[in-house]
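The residues making up each chain are set out below.
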Amino acid sequence: MDRSAKLKKIIILTVVIIVMVGALIYSVLTYGFRNYGFTVSPNTPSTSTISQLPQLSACVILDQQYCGTGKLVSQSGSYYAGFSLPPGTKIYAPFDGVFITSGSLGQITVNGVKYQMGTLNPASIMPPNMYAPTSSTQQFVALANFVSEANRTVKKGDLLGTVGSQTYQGYDLVISLNSYNSQKKYFIPNLSVFKQYFSNL
């Protein structure tokens with residue numbers, strides 16, 4: 001084969017390669033990667049969706065529609081959040097811990113009337129750990145129709161119980177969000193902790 005025939009073959013091959021590459025580039029720009037094995041599933045969660053899993057409300061403790069319905073009530077130098085909610089409204093754990101619905105942390109008597117409540121303590125201050133609480137240690141207390149049962153280990157967002165017919169001062173759900181006071185050596189309501197969960201208070 002002479003030199004001109006070789007040159008002609010090289011030119012034809014180069015033109016074919018350029019045309020194929022051009023067609024591929026045009027196809028990708030026009031139709032995207034879907035025909036080339038680079039599929040993106042519509043069910044794949046975006047980064048913003050991943051950060052919201054599991055589906056917790058802004059206040060965590062209640063479903064979103066009820067987060068802004070509470071009222072801060074002052075009582076004898078202390079305070080709590082009172083809610084008037086439909087029966088069956090779900091109450092969730094605001095943080096990981098041990099939920100107690102029996103004994104002195106599960107019942108309270110006020111003016112001779114016994115109320116069912118539940119107390120959520122961090123696992124760190126419960127047996128067998130028993131680490132000393134600090135000023136950043138939180139406690140969640142709620143008066144509601146919880147089932148009195150053995151202590152239960154829960155994760156943030158787990159269902160604790162539902163609102164029932166029990167009322168205290170006109171509210172069917174009463175919440176206290178506390179932090180440990182190292183001077184008084186017990187948990188007391190803390191407004192900054194309330195605000196972490198209920199920005200309207």
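Residues numbered from 1 in each chain as written. Predicted model: local features only at pLDDT ≥ 70, side-chain atom pairs only at ≥ 80, totals over all residues. Heavy atoms only, no water.

Considerations on the state of the cysteines
Applicable threshold: To count as a disulfide, a pair of cysteine sulfur atoms needs to be within 2.5 Å. A 1.4 Å probe rolled over the protein chains alone gives each residue an accessible area, and that area as a share of the maximum for its type sets the label: buried under 20%, exposed over 50%, partly exposed in between.
Tallied over the full model, the rule gives 1 disulfide. Here Cys59 connects covalently by a disulfide to Cys67, the sulfurs 2.1 Å from one another. Across the disulfide from Cys59 to Cys67, rotation about the S-S bond amounts to roughly -75°, and the bridge is consequently left-handed. Given a relative accessible area of 0%, Cys59 falls into the buried group.

So, the pattern of salt bridges
The line we're drawing: By definition here, a salt bridge exists when the distance from a side-chain nitrogen of Lys or Arg to a carboxyl oxygen of Asp or Glu is within 4 Å.
This structure, assessed with the given rule, holds 2 salt bridges. Between Arg152 and Glu149 there is a salt bridge, and its shortest N-O distance comes to 3.0 Å.

Examining the packing of aromatic side chains
For clarity, the threshold we go by: The rule is short: rings of Phe, Tyr and Trp, with Trp giving its six-membered ring, pair when the centres are within 6.5 Å, and they are stacked under 30 degrees, edge-to-face over 60, tilted in between. Where helices and strands are cited, they refer to DSSP runs of H or I of at least four residues and of E of at least two residues respectively, numbered from the N terminus.
Per the counting criterion, the structure on display carries 7 aromatic pairs. Considering the side-chain rings of Phe83 and Phe198, the 5.3 Å spacing of their centres and the 50° angle between planes classify their relative orientation as tilted. With a gap of 115 residues between them, Phe83 in strand E2 (residues 78–83) and Phe198 in the segment after helix H3 (191–197) connect regions that are remote in the sequence. Judged by relative accessible area, Phe83 falls into the buried class, the value being 0%.

Re the confidence of the model for the protein chain
Put simply, the rule is: The predictor's confidence in any single residue is recorded as pLDDT, a number from 0 to 100. Should any heavy atoms of two residues lie within 4.5 Å, those residues are considered in contact.
When pLDDT is averaged along the protein chain, the result is 82, and 73% of the positions lie at 70 or above. Across residues 23–53, where pLDDT falls below 50, the model places 8 contacts with residues more than four positions away in sequence or in other chains.

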